[in-house]
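# Breakdown of the fold
Listed below are the residues making up each chain.
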Amino acid sequence: MDLAQLIEAGRAPAAEFIARSHRMLIDGLWVEAASGETIEVRDPATGEIIAHVPAGGEADIDRAVAAARRAFEEGPWPALKGPERAKLIWKLADLIEREANALSVIETTDMGVTFRAARLGAIGTSPDVARYLSGWAGRLYGDTIPATAGEWHVYTLREPCGVVGQIIPWNVPFGMAVQKVCAALAAGCTVVMKPAEQTPLSTLRLGELIEEAGFPKGVVNIVTGYGKAAGAALAAHPDVDKVTFTGSTATGKSILAASVGSLKRVTLELGGKSPVIILDDADLDAAIPGAAMSVFSNSGQVCVAGSRLFVHPKVLDKVVAGIADVAAKLKLGSGLDPANDLGPVVSDVQLNRVLGYIEAGRRDGAEVVQGGGRIGSQGYFVAPTLFVNTDREMSIAREEIFGPVISVLPMGDDSLENLARQANDTEYGLAATIWTRDVKVAHKLAGKIKAGSIRINSGGNVDPAVPFGGYKQSGIGRERGKEGVEIYTELKTVVVQL
Ligand code: ADP
């Protein structure tokens, strides 16, 4: 089937779902917020209200945490054998696969991402993310430690850490929800999940699929609500053992502060201002579209966006012209039209945030080579934008914009020390990309850059087995891979005197 047929296949079930009266999932029941209040959900391609979801608050979080606690302490979930937990996660993966077209239409309508990007990217790959994570169920174990051999028998155990709060961002809602919930479930934890207020719909549909798969009640609870109400209540709740969060660095700091009361475990995947370095021997046919789309895809709402671009002077003109050309040719519009390459940004708040940065860049004296403003007056569309003549002090060069904006920064000389210094001249450390044919330079530079993911001659990685997370203010801990499941465990040491 081509893309248009997949969209058609998803349209009717997605429309039926979106039009429903939405509730949240607590202890196996679909309920309204205790306050009875709701949140408006908008289609960012039109700005129109498409649904209402419950505005959950502290009382709803209390109920959901109590249900997750019961499911953890009294229910079968943490005690189930690994293969039994894996079987349910695998079943969920099959259901997601069955529903991939409708889920992708829901995501496009709620968040703005193109159907193509959702269906071939985060949603299309999420069944395999779930299957990969299911494989860890029953395979998390400790060591025997021979240090005191003869006198003591010492071993460690990996136990599920308990009730987990998961706070989901709006840029990749469904993909993040699946990755987080399946890792926690594989480890044997129970979950209270809060999707972003801008993009709750695909997570609510995930809740229905979790129910259909047959997970015991209370194992996964989903509370919709605002960050400052439901999110903050979850982050501060004394009976939540662990919080995992993906989102902005500012919100990550408030979640970390809220965790202090009960010293809960926290994993944070936060913002970035990732450097991309293109050297003069790079394969420019790959580097130019790679550098462009590392920022422009998902309309720049990508935590690993390579928004600080350093280009060797010998190839600078060619790269700038090439990226400007890519940007000029990208077609913006509704993500449900397969002819469009990019959709809108998620909300009017985000639109104004991105436009504010573009204005600041101009005011600071940077030059717009391509784009530089809003497109149309309906929906929240921003033209892919390329700045040159920037310097390191400008806000467009320092702060995370989370929009389709690339700043070309002066590179200076191409010594490894200088390149590493430039790359590391940021409070963030999420990712970095190096484009060169010189393997020595690539690996030496990879060793010097302070970032959680280094990409060499490639736009990114998509394999769930690869750990992901940030240095510095880009986060704490790692998700994906073995490390991403171990974050949901506590390590226990048992010592036996012989
Ligand atoms: P943005 O600033 O663009 O809304 P955030 O990083 O704040 O992005 O949002 C990511 C997620 O964090 C959303 O689910 C949001 O509701 C939640 N959130 C926002 N503020 C808080 C907070 N103070 N405590 C807990 N969660 C929050």
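Structure first, text after, so check above.
Computed from a predicted structure; not experimentally measured.

Let's shift gears to the packing of aromatic side chains. Applying the stated rule across the entire model yields 3 aromatic pairs. Judged by centre distance (6.4 Å) and plane angle (80 degrees), the ring pair of Tyr 132 and Trp 136 falls under edge-to-face. Take Tyr 132: its relative accessible area is 23%, and that puts it in the partly exposed class. When the centroid spacing of 5.4 Å and the interplanar angle of 80 degrees are considered together, the rings of Trp 170 and Phe 402 count as edge-to-face. On the criterion of sequence distance, the pair formed by Trp 170 in the loop between strand S7 (163-167) and helix H7 (173-187) and Phe 402 in the loop between helix H14 (395-398) and strand S18 (405-409) is long-range, its members being 232 residues apart. With respect to burial, Trp 170 and Phe 402 carry one shared label: buried. The positively charged end of Arg 85 is found above the aromatic ring belonging to Trp 77, 6.0 Å away from the centroid. In this structure, Arg 131 is placed above the aromatic ring of Trp 90, and the distance from its NZ or CZ to the ring centre is 5.3 Å.

For the rest of this paragraph, the subject is the site of the ligand. Taken together, 18 residues are adjacent to the ligand, and Ile 168, Lys 194, Glu 197, Ser 248 and Thr 251 come closest. One of the side-chain nitrogen or oxygen atoms of Glu 197 is found 2.5 Å away from an oxygen atom of the ligand. The backbone of Ala 232 places a nitrogen or oxygen atom 3.4 Å from a nitrogen atom of the ligand. Surface burial for the ligand is 87%, taken as the share of its 550 Å² of free accessible area covered by protein chains. Elements that contribute at least two residues to the shell around the ligand include exactly helix H9 (227-236) and helix H10 (249-258).

The subject of this paragraph is the environment of Val 302. Relative to the assigned elements, Val 302 resides in the loop between helix H11 (284-296) and strand S13 (308-311). On the basis of relative accessible area, Val 302 is assigned to the buried category, the value being 18%. Counting along the chain gives 130 residues from Val 302 to Val 172, while the straight-line C-alpha distance between them is 8.3 Å. Once residues lying within four places of it in the same chain are set aside, the contact partners of Val 302 are Asn 171, Ser 297 and Phe 402.

Take unusual backbone geometry next. Not every positive phi belongs to a glycine, and Leu 263 is a case in point at roughly 50 degrees. Inspection of the secondary structure puts Leu 263 in the loop between H10 and strand S11 (265-269). Positive phi outside glycine occurs at Phe 402, with the angle close to 60 degrees.

Turning to the side chain of Asn 418, a few remarks are in order. Relative to the elements of secondary structure, Asn 418 occurs in helix H15 (residues 416-423). Within the structure, the side chain of Asn 418 is placed 2.6 Å from the backbone oxygen of Asp 413, a separation counted as a polar contact. For Asn 418, the residues in contact, after removing those within four places along its chain, are Met 411, Gly 412 and Asp 413.

At a minimum axis separation of 9 Å, H11 and helix H12 (residues 316-329) run at an interaxial angle of 50 degrees. In terms of orientation, H11 and H12 fall into the oblique class. As H11 runs across H12, the sense of the crossing is right-handed. Of the residues in H12, those in contact with Leu 284, Ile 288, Pro 289, Ala 291, Ala 292, Met 293 and Phe 296 of H11 are Lys 318, Val 319, Gly 322, Ile 323, Val 326 and Ala 327. Looking at the contact of H11 with H12 residue by residue, the class counts come to 11 nonpolar, 1 polar and 1 charged.

Once that is clear, we can look at the side chain of Ser 474. Within the element layout of this structure, Ser 474 appears in the loop between strand S22 (471-472) and strand S23 (475-476). In this structure the side chain of Ser 474 is engaged in a polar contact, spanning 2.6 Å, whose partner is the backbone oxygen of Gly 271. Apart from residues lying up to four places away in sequence, Ser 474 is in contact with Leu 268, Glu 269, Leu 270, Gly 271, Gly 272, Tyr 428, Gly 429 and Leu 430.

In terms of nonpolar packing, the biggest core is built from 107 residues, with Leu 92, Phe 215, Ile 278, Phe 296, Leu 309, Val 319 and Ile 323 touching the most fellow members. Here this core gets 11 residues from one element, more than from any other, and that element is H7. Among residues more than four places away in sequence, those in contact with Ile 278 are Leu 284, Ala 287, Ala 291, Leu 309, Phe 310, Val 311, His 312, Val 319 and Trp 435.

Criteria and thresholds
- Residues numbered from 1 in each chain as written.
- Predicted model: local features only at pLDDT ≥ 70, side-chain atom pairs only at ≥ 80, totals over all residues.
- Heavy atoms only, no water.
- Phe/Tyr/Trp six-rings, centres within 6.5 Å; stacked < 30°, edge-to-face > 60°.
- Buried < 20%, exposed > 50% of the residue type's maximum accessible area, 1.4 Å probe, protein only.
- Helix = DSSP H or I, 4+ residues; strand = E, 2+ residues; numbered from the N terminus.
- Lys NZ or Arg CZ within 6 Å of the ring centre and 35° of its normal.
- Near = heavy atom within 4 Å.
- Polar contact = N/O pair within 3.5 Å; in protein donor to acceptor, adjacent residues only side chain to side chain.
- Areas by Shrake-Rupley, 256 points an atom, 1.4 Å probe, with all protein chains shown as cover.
- Contact = heavy atoms within 4.5 Å.
- Axes fitted to C-alpha atoms, helices over the stretch in contact; angles between N-to-C directions.
- Parallel < 35°, antiparallel > 145°, perpendicular 65-115°, else oblique.
- Left-handed = near helix turned anticlockwise from the far one by under 90°.
- Nonpolar A, V, L, I, M, F, W, Y, C, P; charged D, E, K, R; others polar.
- Core = buried A, V, L, I, M, F, W, Y, C linked by side-chain atoms within 4.5 Å.

Honestly, it's all geometry; don't read function into it.
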